[in-house]
Amino acid sequence: MLTVRAPATSANLGSGFDVFGVALGTPADVVRVERAPETTITVTGAGSQYIPEDPAKNTVGAVADALDAPARIRIDKGVRPSSGLGSSASSAAAAAVALNELYDRGLSRRELVPIAAEGEALVSGEAHADNVAPSLLGGFTVVTDDGVTQIDASIPVVACLPDMAVSTRDAREVVPERAHMSDVVDTVGSAATLTIGMARNDPELVGRGMEDEIVTPERSALIDGYDRVREAAFEAGATGVTVSGAGPGVLAACYRSDRRAVAAAMVEAFDAVGVDSRAYQTVVGDGARLYTE
Ligand SMILES: Nc1ncnc2c1ncn2[C@@H]1O[C@H](COP(=O)(O)OP(=O)(O)OP(=O)(O)O)[C@@H](O)[C@H]1O
Ligand SMILES: N[C@@H](CCO)C(=O)O
């Protein structure tokens with residue numbers, strides 16, 4: 001039996017819609033695989049009651065198909081679905097690493113990115129790789145039509161998860177089809193600032209580089225209390241705040257010394273609008289890890 005732990009991820013980071021992603025230290029999915037004549041899936045853990053075990057409907061089934069690697073697959077969810085923390089991608093990335101090893105397919109982590117993205121196509125209608133890439137490779141990733149660029153980074157972050165669901169499919173409906181040139185220019189400036197911040201491990205630049213006036217205002221309107229949570233996080237020392245992935249998770253960058261206060265302020269602000277939430281105090285971290293037994 002092989003076991004793989006694949007981390008939650010946060011895509012977009014505001015200015016990098018459908019391009020940027022980071023691996024988070026916590027939470028994570030754990031996937032166990034054994035060879036079998038046909039694929040079966042069992043799911044336990046966070047939000048497992050909302051996740052289909054039918055291989056034709058689970059991201060992990062799509063990965064097993066793409067690798068022609070039938071297996072008995074057990075998923076222990078640490079990443080709640082429809083969270084904005086790349087839940088469907090964590091399982092897909094873990095399964096890609098595990099099944100590649102189980103069947104000696106010999107694919108590199110980079111070669112596994114499009115395989116794991118097949119799972120994303122199944123649930124959101126598009127094979128976007130901005131969650132599976134950081135879950136497989138770790139650190140900060142930039143996904144374009146030309147491929148994936150990755151650097152290791154270590155930025156303290158808080159990922160605050162309100163107790164509500166926003167599906168990626170629905171959140172894509174509100175993305176504007178056009179943008180003003182002045183907003184595009186500002187967003188390019190932010191994206192460049194964020195990228196330099198990741199390269200320098202500088203929370204100030206990363207936070208400043210999360211600003212985006214194109215997609216985030218539309219997405220944040222789907223999250224009860226977002227403006228209040230954002231303001232509270234800044235008051236507690238956050239250097240930047242944005243919607244995590246398609247939401248409803250909210251991501252804040254900060255210095256390590258402020259992380260606990262930022263987490264508490266975000267939870268309190270959600271609470272003030274009647275929404276329960278959980279804050280992960282974590283850091284941009286490593287990609288999927290394989291364990292053999
Ligand atoms: N292995 C899986 N893990 C989680 N969700 C899965 C899995 N397989 C299928 N799904 C389905 O995918 C949907 C969740 O994916 P979605 O992309 O909406 O959320 P997410 O991955 O948490 O968010 P985001 O991509 O914004 O970070 C749910 O409908 C869920 O049932
Ligand atoms: N970039 C995708 C990621 C979803 O996690 C979106 O924001 O729709």
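- In the annotation of an unreviewed UniProt entry, the entry for the protein chain reads Homoserine kinase, and the organism field reads Natronobacterium haloterrestre.
- UniProt lists a comment for the protein chain under the heading Subcellular location (unreviewed entry), and it reads "Cytoplasm".

1. A look at the pairing of strand 7 (residues 156-162)
Part 1 of the argument: With seven of its seven residues buried, strand 7 lies for the most part within the structure.
Part 2 of the argument: Sheet analysis places strand 7 next to strand 10 (residues 277-283), joined by seven bridges and oriented antiparallel. The partner of proline 162 across the bridge, within strand 10, is serine 277.
Part 3 of the argument: The sheet contact formed by strand 7 and strand 9 (residues 250-253) spans four bridges and is antiparallel. Within strand 9, the position partnered with alanine 159 by the bridge is leucine 251.

2. Side note on the UniProt feature "domain: GHMP kinase N-terminal" (unreviewed entry) in the protein chain
Part 1 of the argument: In this numbering, the UniProt entry assigns the feature "domain: GHMP kinase N-terminal" (unreviewed entry) to residues 60-139.
Part 2 of the argument: Helix makes up 56% of residues 60-139 and strand 9%, with an end-to-end C-alpha separation of 23 Å.

What counts as what
Residues numbered from 1 in each chain as written. Chains lettered and ligands numbered in written order. Predicted model: local features only at pLDDT ≥ 70, side-chain atom pairs only at ≥ 80, totals over all residues. Heavy atoms only, no water. UniProt positions renumbered as here; feature names shortened; annotations may be inferred. Buried < 20%, exposed > 50% of the residue type's maximum accessible area, 1.4 Å probe, protein only. Helix = DSSP H or I, 4+ residues; strand = E, 2+ residues; numbered from the N terminus. Pairing = 2+ DSSP bridges.

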